[in-house]
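Descriptive structure summary
Letter by letter, the chains look like this.
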Amino acid sequence: MPYGGNSSGPYDDRQGGYGENDHYATPDAYPPPQPPGQRRAEPEPQAEDSAEAQDGQEKETHPFFTGDDPEGSDADRPGDETESRGDGRDGGRSKSKKKKGRNGIACLVVAVVLVGGVGGVSYVGFQFWQSKFGPPPDYAGSGAGSVQVEIPQGAGGYEIGAILVKNGIVKSQRAFVSAQKGNPKGNTIQAGVYTLSKEMSAANAVKTMLSPNSRNALIIPEGTRNVRVYEKIDKQLGLTAGTTQGIAKKEAANLGLPKWAKSGSPIKDPLEGFLYPASYPVAKGTKPEAVLKKMVSRANAEYNRLDLEENAKKHDLEGPWQLLTVASLVQAEGKTHDDFRKMAEVVYNRLKPSNTETNQLLQFDSAFNYLKGQSKIDISESEINKNQDPYNTYTQKGLTPGPIGNPGNEALAAALNPTDDGWLYFVATDGQHKTEFAKTYAEFEPLRDKFNDRKSNG
């Protein structure tokens, strides 16, 4: 039958068509064939993980680098609706221009930042070079006004420069150090109080500091007696005469004397021997006791350095007090370094119990002058022999009760290391600068005659 019956034939035992048990419908089957006009190209296989293929680097999505609008596409913006329509060419060009514009601005920003950074680094580098290798900041001229500064003992160029900068005198430490090195006498600037001007050139500051007129230092020469030191302090500070001496007498126990120092009768001044001869910075307004403390402190430092206590034992003395007394006598009678060592030996030899020449009498005119508060070279025997003061070594055996002045380094060194030649006598044959020594009384007599002849001849 043409279409109505179930005609049977050789293929009647086949299964149904596409709709029945379709083999293309299983998951593992290939897709059904397509008409030639509708076939699509097979997609290229892609790497499973592009991030891993690029050594673990994530794809950059920041709009700065992609050029995308961080707030969405142009089409999403209400005002851009018409631009997103059309034939596609104008819209694509418009989007491209916008992206290029944003990228250009970003590059400009980066360039500005880089230029600013390079400029900043260059400025810092220039400042560093200028501070290390360029000419140091400096004032010009001799400055104006007046200011006092104190330079401590042992201060070097940079320390002095720092003090001057702090007080507005020079502009920089390097300028001062450079000027100091450029001056042949620059390294001879000493401790002291200087009167300088504000805003001076470093060269002028160095020049002024090298001038004695700029220094307000109190200079105590070797062998100066305390009474004279007190006068100098009063004058330096503009005080009424006697002010410092009164303070010294009242405050002696509070000025830093060592434990071995003595006081009380018959000691005339417990500070004698402790106002060490040196240069001291003393500015206007300084208190007298502050100056005295500085001097005593300096004496203690020197005496500790020389170890007077231990050295006193070597010369059969009772302690550092007596050794200091010997040094003061040597300083008062000696004229030169060689004189000092010989004079020290005269003292030690005359102190010996075995001395039968002078019977332990020192017979030093300087001691008599000290007790009288004078400085005379010609003293009559009658005047000396009738005086029984403990400080009179013509009538009292042994050392004076205490120092008769403030000895310097050379006299102290001589007291520690005297000659060993047997000297027992000495005479200042010219009355001032020349001292001659003798070992016996017989050798002494012609020296005494020479001295007397000088006096007779005027």
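Please read these numbers as outputs of a predicted model, since none were measured by experiment.

About the criteria used
- Within each chain, residues carry numbers counting from 1 in the order of the written sequence.
- Only residues with pLDDT of at least 70 are given local features in this predicted model, and only at 80 or more are side-chain atom pairs given and counted; all residues enter the totals for whole chains, interfaces and linings.
- Values shown for side chains rest on all heavy atoms present in the structure; no hydrogens or waters enter the calculation.
- What counts as a helix is a DSSP run of H or I of at least four residues, what counts as a strand is a run of E of at least two, and both are numbered from the N terminus.
- A simple rule labels every residue: compare its accessible area, found with a 1.4 Å probe on the protein chains alone, to the largest value its type can have, and call it buried under 20%, exposed over 50%, or partly exposed in between.
- Note on definitions: a residue-residue contact is assigned when non-hydrogen atoms from the two residues lie within 4.5 Å.
- Residue exposure ignores everything except the shown protein chains as possible cover, and the areas themselves are Shrake-Rupley values with a 1.4 Å probe.
- Cavities and pockets are found on a 1 Å grid laid over the protein atoms alone: a cavity is a set of points where a 1.4 Å probe fits but cannot escape, a pocket is an open set with protein on both sides within 12 Å along at least five of seven lines, and a lining residue has an atom within 4 Å of such a point.
- Grid points are joined across faces, edges and corners, and a volume is the space filled by probe spheres set on the points.
- Classification convention: Asp, Glu, Lys, Arg as charged; Ala, Val, Leu, Ile, Met, Phe, Trp, Tyr, Cys, Pro as nonpolar; all other residues, Gly among them, as polar.
- Note on method: axes are straight lines fitted to C-alpha atoms, helices fitted across the in-contact stretch only, with angles between N-to-C directions ranging 0 to 180 degrees.
- Each angle gets one of four labels, with under 35 degrees taken as roughly parallel, over 145 as roughly antiparallel, 65 to 115 as roughly perpendicular, and the rest as oblique.
- With the far helix as reference, a near helix turned anticlockwise by less than a right angle produces a left-handed crossing, and one turned clockwise produces a right-handed crossing.
- Ring pairs are drawn from Phe, Tyr and Trp, using the six-membered ring of Trp, whenever the two centres fall within 6.5 Å, and their geometry is named by plane angle: stacked under 30 degrees, edge-to-face over 60, tilted for the rest.
- Look at NZ for Lys and CZ for Arg. If either is within 6 Å of the ring centre and within 35 degrees of the ring normal, a charge sits over the ring.
- One requirement defines pairing of two strands: DSSP has to find at least two bridges between them.
- Taken from the helix axis, the directions to the C-beta atoms give the arc we talk about.
- Salt-bridge detection follows one rule: a side-chain nitrogen of Lys or Arg within 4 Å of a carboxyl oxygen of Asp or Glu.
- You can read pLDDT as the predictor saying how much it trusts each residue, on a scale of 0 to 100.

Scanning the protein chain from N- to C-terminus turns up 16 helices and 6 strands. Taken across its 458 residues, the protein chain has 36% of its residues classed as buried. Here the contacts in the protein chain between residues at least 6 apart in sequence split such that 63% fall between residues at least 24 apart. By element, 51% of the accessible surface of the protein chain is carried by carbon and sulfur atoms, the whole surface being about 28700 Å².

Okay, the layout of surface pockets next. Here the idea is plain: a probe the size of a water molecule rolls over the atoms and shows the empty space left. In this structure, the largest pocket spans a volume of roughly 1400 Å³. Lining the largest pocket are 48 residues, and of these Glu333, Phe364, Asp365, Ile377 and Tyr394 lie nearest its centre. Broken down by secondary-structure element, the contributors of at least two residues to the lining of the largest pocket are α11 (320-333), α12 (337-351), α13 (365-372), α14 (381-385), β5 (425-427) and α16 (441-456). For the lining of the largest pocket, the element with the most residues is α16, which contributes 6 residues. Classifying every residue of the lining of the largest pocket gives 19 nonpolar, 16 polar and 13 charged. Roughly 310 Å³ of internal volume is contained in the second largest pocket. Listing elements by their share of the lining of the second largest pocket, those giving two or more residues are α7 (226-237), α8 (243-251) and α13. Here the residues of the lining of the second largest pocket sort into 8 nonpolar, 3 polar and 5 charged.

This part takes up the packing of helix α5 (residues 173-182) against helix α6 (residues 202-209). Relative placement of two packed helices is described by the angle separating their axes and the distance separating the axes. In contact at an axis separation of 8 Å, α5 and α6 are set at 55° when each is read in the N-to-C sense. Relative to α6, the element α5 lies oblique. The interaxial crossing formed by α5 with α6 has right-handed handedness. Every residue of α6 that contacts α5 at Ala175, Phe176, Ala179 and Gln180 is listed here: Ala202, Ala203, Val206 and Met209. Tallied by class, residues from the contact of α5 with α6 come to 7 nonpolar, 1 polar and no charged.

Counting across every chain of the model gives 12 aromatic pairs. Of the aromatic side chains, those joined through ring pairs into one cluster are Trp260, Phe274, Tyr276, Tyr303 and Trp321. Over the ring of Trp423 we find Lys439; its NZ or CZ atom is 5.0 Å from the centre of that ring.

When you tally the buried positions in strand β2 (residues 192-198), you get 5 out of 7 residues, the bulk of the element. In this structure, strand β1 (residues 144-151) lies alongside β2, joined through 6 bridges in antiparallel fashion. Opposite Val147, over in β2, you have Leu196 as the bridge partner.

The subject of this paragraph is the packing of α8 against helix α9 (residues 288-306). Interaxial distance between α8 and α9 falls to 9 Å at its minimum, and their mutual angle equals 65°. Like other packed secondary-structure pairs, α8 and α9 cross with a definite hand, here right-handed. Contacts between α8 and α9 involve Thr244, Ile247 and Ala248 from the first element and Pro288, Glu289 and Leu292 from the second. Split by residue class, the contact of α8 with α9 holds 4 nonpolar, 1 polar and 1 charged.

This part is about α6. Turn by turn, an α-helix covers 3.6 residues, leaving residues three or four places apart pointing in a common direction. Every buried residue belonging to α6 is among Ala202, Ala205, Val206 and Met209, and all of these are buried. The buried residues of α6 all sit within an arc of 95° when viewed along its axis, so they share a single face. The secondary structure elements touched by the buried residues of α6 are β1, α4 (157-166), α5 and β2.

Let us look at the pattern of salt bridges. Summed over all chains, the structure comprises 8 salt bridges. Residue Glu150 pairs with Lys294 through a salt bridge whose shortest N-O separation is 3.0 Å. Linking Glu150 in strand β1 with Lys294 in helix α9, this pair joins segments that are 144 residues apart in sequence. According to the relative accessible area criterion, Lys294 is partly exposed, its value standing at 35%. Measuring nitrogen to oxygen at the nearest pair gives 3.7 Å for the salt bridge that ties Glu445 to Arg448. Taken together, the residues Glu445 and Arg448, both in helix α16 and 3 residues apart, mark about one turn of the helix.

You can see Gly157 is positioned in helix α4. The class for Gly157 is buried, based on a relative accessible area of 17%. On a C-alpha basis, the gap between Gly157 and Phe176 in space is 7.4 Å, while along the polypeptide they are 19 residues apart. Ignoring any residue separated from it by four or fewer positions in sequence, one finds Gly157 in contact with Phe176, Val177 and Gln180.

Per-residue pLDDT for the protein chain has a mean of 82; in total, 71% of the residues score no lower than 70. Counting interchain partners and residues more than four positions distant, the pLDDT-below-50 stretch residues 1-20 has 3 contacts. Every residue in residues 72-89 scores below 50 in pLDDT, and together they form 11 contacts with partners more than four places removed in sequence or on other chains.

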